[in-house]
Amino acid sequence: MYDLAIIGGGPGGYVAGIRGAQNNLKVLLIEKDNVGGTCLNRGCIPTKSLIYDSRLFHSAKTSTILNGADSLAVDTSKLLERKRKVVKTLVGGLGAILKSNKIEVVQGKGSLQAPGKVSVEKADGSKADYEAKNVILANGSKPSVPPFIKVDGKFVQTTDEALDTQEVPENVIIIGGGVIGIEMATIYSNLGAQVTIVELLDDVLTTEDPDVRKTMRNMLKQRKVDVHLKAKAKEITVEKDEVKVVFEGADGKVQERMTQRVLVATGRAPVLDGVDAEKLGLAMEGPFVKVNGQLQTNLPGVFAIGDLVGGMMLAHKASAEAEIVVDCILGHKKSLKPELVPRCIWGLTEIGAVGLNEDEAKASGRKIKIGKFSYSSSGAAQAMGEVEGFAKVIGDAEIGEILGVHIMGAHATDLVSEAVTAMKMEGAVEDLYEAIKPHPTVSETLLEAALDWNKLAVHSPKKA
């Protein structure tokens, strides 16, 4: 009998296992693939490896101080080799961590048979049954593909195939302008491909702040990325060595394009393999597992976390939920505050955000003030040659509560953590600028944005 059995070894599952083991729970972790889940093997880490390497290439290619930059070329085999090495290193390291915590890892397809009972179908066809006092469902998600699109893995791909493909197409059409679409557009554009984005909604990155969306649209335009908003893909067919894409534009006119590759980036869907909700009597909310504030399902001793429960499909959210579940098992009641979960996007420049965007803050009915500071006014950003972007602080005008922070530019995904910490500690906007920042660093952009909230910014013209 185990104290805790976990189905899924991604950032939610393995963190739950480690936290459980650290609290002397006997833990079983079931993973059908490599530990680390989609994030480590086919998502977050591979994407970032390719983004950083492709950015290096693009920066060198467009440099004004390097001789011979125009003749530079990418060795895509080495690009993939480094990506695979990064993944292998992290998977191996994670395996060692799990072993050091005496967590039993079983490879195979896990399924929930009943509360406290799980089974595993192993690669050799054998099956094994296990009992546990508590079970966590951490199955993760998979690419969501519209039914009329057939993914062949070569000409029509999801990120599962694209991130392990050596050939860089001369042109590519991306269906979807959300986080996945923008990050993949960044990789392709950096490597010299002509990119077209077909987005059904009225903007890219629709969950982000309007200033972030506007800046990203402008950057895509500067890169000559062809963006079609309010556009509906209608037909995708492979014809010899090309793909025909038919879509209806915002004006209602149907367009037909030929391209070397199509990337389907239309979101992700929860994986419920091994979880027969109807048979188990497991309560659902649409495609997601229904849980309470402690991630408990309606089945006794059964929890669900990460992409299975909806909300923001982020690795760090799943990890935070894992810790809440273990605390609950140990008798401590905690819950997740969605407004304190940061969002990070690695696009043509980085985006880091937490809390409400401007539209949401205005809709809340609270009286707000906004402070903003441009990267172009930052000494560090100028020295780095990274002048695109801004830091933006949204706060309650009466009490100074930080409602949202949005940073776009170099190191934004790191810098947003400062705002998350301040908000977690219930700091006010003033706390963001009363703490001294080192010079010259881009951290000063957040300080200046907070100062601007009070019309006190030092390195930008005085506001009327």
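Further up the page is the structure itself.
Residues numbered from 1 in each chain as written. Predicted model: local features only at pLDDT ≥ 70, side-chain atom pairs only at ≥ 80, totals over all residues. Heavy atoms only, no water.

## As for the layout of surface pockets
If you add up the space inside the second largest pocket, you get close to 660 Å³. Lining of the second largest pocket is provided by 20 residues; of these, His58, Ser59, Leu348, Gly385 and Glu386 occupy positions nearest its centre. Contributions of two or more residues to the lining of the second largest pocket are made by α3 (44–61), α6 (179–190) and α7 (210–222). With three residues, α3 is the largest single contributor of residues to the lining of the second largest pocket. (1 Å grid on protein atoms, 1.4 Å probe; cavity = no way out; pocket = protein on both sides within 12 Å on 5 of 7 lines; lining within 4 Å. Points joined across faces, edges and corners; volume = space filled by probe spheres on them. Helix = DSSP H or I, 4+ residues; strand = E, 2+ residues; numbered from the N terminus.)

## Section: helix α1 (residues 11–22)
For α1, spanning twelve residues, the distance from its first C-alpha to its last is 16 Å, which sits close to the expected 16 Å at 1.5 Å a residue. Among the residues of α1, those classed as buried are Pro11, Gly12, Gly13, Val15, Ala16, Gly17, Ile18, Gly20 and Ala21. Next to the buried residues of α1 lie β1 (2–7), β2 (27–31), α2 (37–42), α4 (76–100), β6 (127–137) and α9 (315–329). Asparagine 24 sits one or two positions beyond α1 and adopts a positive phi of about 65 degrees. (Expected span 1.5 Å × (residues − 1). Buried < 20%, exposed > 50% of the residue type's maximum accessible area, 1.4 Å probe, protein only. Contact = heavy atoms within 4.5 Å.)

## With respect to the sheet that holds strand β13 (residues 242–248)
Taken in spatial order, the three strands line up as β12-β13-β14 in an open sheet, and their pairing is antiparallel. Looking at the sheet topology across the chains shown, the edges are occupied by β12 (232–239) and β14 (254–259). Taken over all neighbouring pairs, the strand axes of this sheet differ in orientation by 20 degrees on average, direction set aside. In this structure, β12 lies alongside β13, joined through seven bridges in antiparallel fashion. The residue of β13 that forms the bridge with valine 238 is valine 243. (Pairing = 2+ DSSP bridges. Axes fitted to C-alpha atoms, helices over the stretch in contact; angles between N-to-C directions.)

## Some remarks on the pattern of salt bridges
Applying the stated criterion across every chain, the model contains 27 salt bridges. With its nearest N and O atoms 2.9 Å apart, the salt bridge here joins aspartate 203 to arginine 213. With aspartate 203 in the loop between β10 (194–198) and α7 and arginine 213 in helix α7, this pair connects stretches of sequence that are ten residues apart. Of the two residues, aspartate 203 and arginine 213, both sit in the buried class. As a salt-bridge pair, lysine 334 and aspartate 327 come within 3.3 Å of each other at their nearest N and O atoms. (Salt bridge = Lys/Arg side-chain N within 4 Å of Asp/Glu carboxyl O.)

## Digging into the state of the cysteines
Taken as a whole and judged by the stated rule, the model has one disulfide. Here cysteine 39 pairs with cysteine 44 through a disulfide, and the sulfurs are 2.5 Å apart. Judged by the torsion about the S-S bond (-130 degrees), the cysteine 39/cysteine 44 disulfide is left-handed. Classification of cysteine 44 as partly exposed rests on a relative accessible area of 31%. The thiol sulfur of cysteine 344 is not disulfide-bonded, and the nearest other cysteine sulfur, from cysteine 44, lies at 10 Å. Classification of cysteine 344 as buried rests on a relative accessible area of 18%. (Disulfide = S-S within 2.5 Å.)

## Quick look at the environment of valine 354
Inspection of the secondary structure puts valine 354 in strand β21 (residues 350–355). Using a relative accessible area of 0% as the deciding quantity, one classes valine 354 as buried. It is 6.2 Å that separates the C-alpha atoms of valine 354 and leucine 340, two residues lying 14 residues apart in sequence.

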